[in-house]
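# Architecture and fold: a report
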Amino acid sequence: MFCAERIVTRRHVIAAGGTLLLAGCARRREPERRVAIARAPAYGQDLYDRMYRVLTELGTSARGKRVVLKPNLVEFDAASAINTHPVFVHAALEAFRRLGAADVRIAEGPGHRRITLDLADAAGFFVVFTSFERLFTDLIL
């Protein structure tokens, strides 16, 4: 109910201003999400070229930044594709380096298999990355 004789105090003005300020904050635009899906016929040189090209086309800015790749090392089963393929991770690492990243690292902390380096070894990361342990951070430790 509105009363015409009501006196407006500083408290009313501050409360109204705060409400307007919060309403303005709620309307901030979310950053545009950029996603790409690209086919690669095999885990070969074409994947490396394609990874760099897709990141470039998306306008990815990596110059001077630190990048962390999380390959999803859940567990390992040689008969299925559970993890992100190590060649895919290597292609991403090389693409970010080409884009000028100051540092590119790999980090993982699997949920139920706690020996992360054994998982990485079984999945082939030590074969693809000659210095995997230098690039890798175990998030479980």
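Summary of the structure given here.

Rules of the game
Per-chain numbering applies: the sequence of each chain, read as written, is numbered from 1 onward. With the structure being a predicted model, the display of local features is reserved for residues of pLDDT at least 70 and the display and counting of side-chain atom pairs for 80 or more, all residues being used for whole-chain, interface and lining totals. With hydrogens and water stripped out, all remaining heavy atoms of the structure feed into the side-chain values. By definition, a salt bridge exists where a carboxyl oxygen of Asp or Glu is found within 4 Å of a side-chain nitrogen of Lys or Arg. Going along the chain from the N terminus, every DSSP run of H or I of four or more residues is numbered as a helix, and every run of E of two or more is numbered as a strand. Think of it in three bands: residues with accessible area under 20% of the maximum for their type are buried, residues over 50% are exposed, and the middle band is partly exposed, with areas taken using a 1.4 Å probe on protein chains only. Expected helix span is taken as 1.5 Å per residue step, with the number of steps being one fewer than the number of residues. Working definition: the arc comes from the directions between the helix axis and the C-beta atoms, pointing outward to the latter. Note on contacts: a residue pair qualifies if any of its non-hydrogen atoms lie within 4.5 Å across the two residues. One requirement defines pairing of two strands: DSSP has to find at least two bridges between them. Seen with its strands pointing away from the viewer, a crossover is right-handed when the path leading from the first strand over the helix to the second is clockwise. To obtain each axis, a line is fitted to C-alpha atoms, and for helices this fit is confined to the stretch in contact; angles are then taken between N-to-C directions over 0 to 180 degrees. Working definition: roughly parallel below 35 degrees, roughly antiparallel above 145 degrees, roughly perpendicular at 65 to 115 degrees, and oblique for all remaining angles. Throughout, a crossing is termed right-handed when the near helix is turned clockwise from the far one, and left-handed when it is turned anticlockwise from it by less than a right angle.

## Quick word on the pattern of salt bridges
This structure, assessed with the given rule, holds three salt bridges. Note that lysine 70 and glutamate 108 form a salt bridge whose closest N and O atoms lie 3.1 Å from each other. Here the residue lysine 70 occupies a position in the loop between β1 (66–69) and α3 (86–98), and glutamate 108 occupies one in strand β2 (residues 103–108), the gap between them amounting to 38 residues. According to the relative accessible area criterion, glutamate 108 is buried, its value standing at 2%.

## Structural notes on helix α2 (residues 45–57)
The terminal C-alpha atoms of α2, which comprises 13 residues, lie 18 Å apart, in line with the 18 Å expected from a rise of 1.5 Å per residue. Buried within α2 are the following residues: Leu47, Tyr48, Met51, Val54 and Leu55. Angular distribution of buried residues about the axis of α2 spans 135°; they occupy a single face of the element. Facing away from the buried surface of α2 by more than 90 degrees, the exposed residues are Gln45 and Glu57. Elements that come into contact with the buried residues of α2 comprise α3. Looking at the residues trailing α2, positive phi occurs at glycine 59, about 75°.

## Looking at unusual backbone geometry
Backbone geometry places asparagine 72, a non-glycine residue, at a positive phi of 65°. By the element assignment, asparagine 72 lies in the loop between β1 and α3.

## Let's talk about the side chain of threonine 116
The topology assignment puts threonine 116 in helix α4 (residues 116–123). For threonine 116, a relative accessible area of 1% translates into the label buried.

## Quick word on the pairing of β2
Judged from the four bridges that link them, β1 and β2 form a sheet pairing that is parallel. When the sheet's bridge partners are listed, valine 67 is paired in β2 with valine 104. In this view, the connection linking β1 to its parallel neighbour β2 by way of α3 has right-handed handedness. Alignment of β2 against strand β3 (residues 136–138), held across three bridges, turns out to be parallel. Counted as the bridge partner of alanine 107 is threonine 137 from β3.

## A short note on the packing of α2 against α3
The interhelical angle for the contact between α2 and α3, taken along N-to-C directions, is 50°, at an axis separation of 9 Å. Taken together, the axes of α2 and α3 lie oblique to each other. In terms of crossing hand, the pair formed by α2 and α3 is right-handed. Note on element contacts: α3 touches α2 through Val87, Phe88, His90, Ala91, Ala92, Glu94, Ala95, Phe96 and Arg98, opposite Leu47, Tyr48, Met51, Tyr52 and Leu55.

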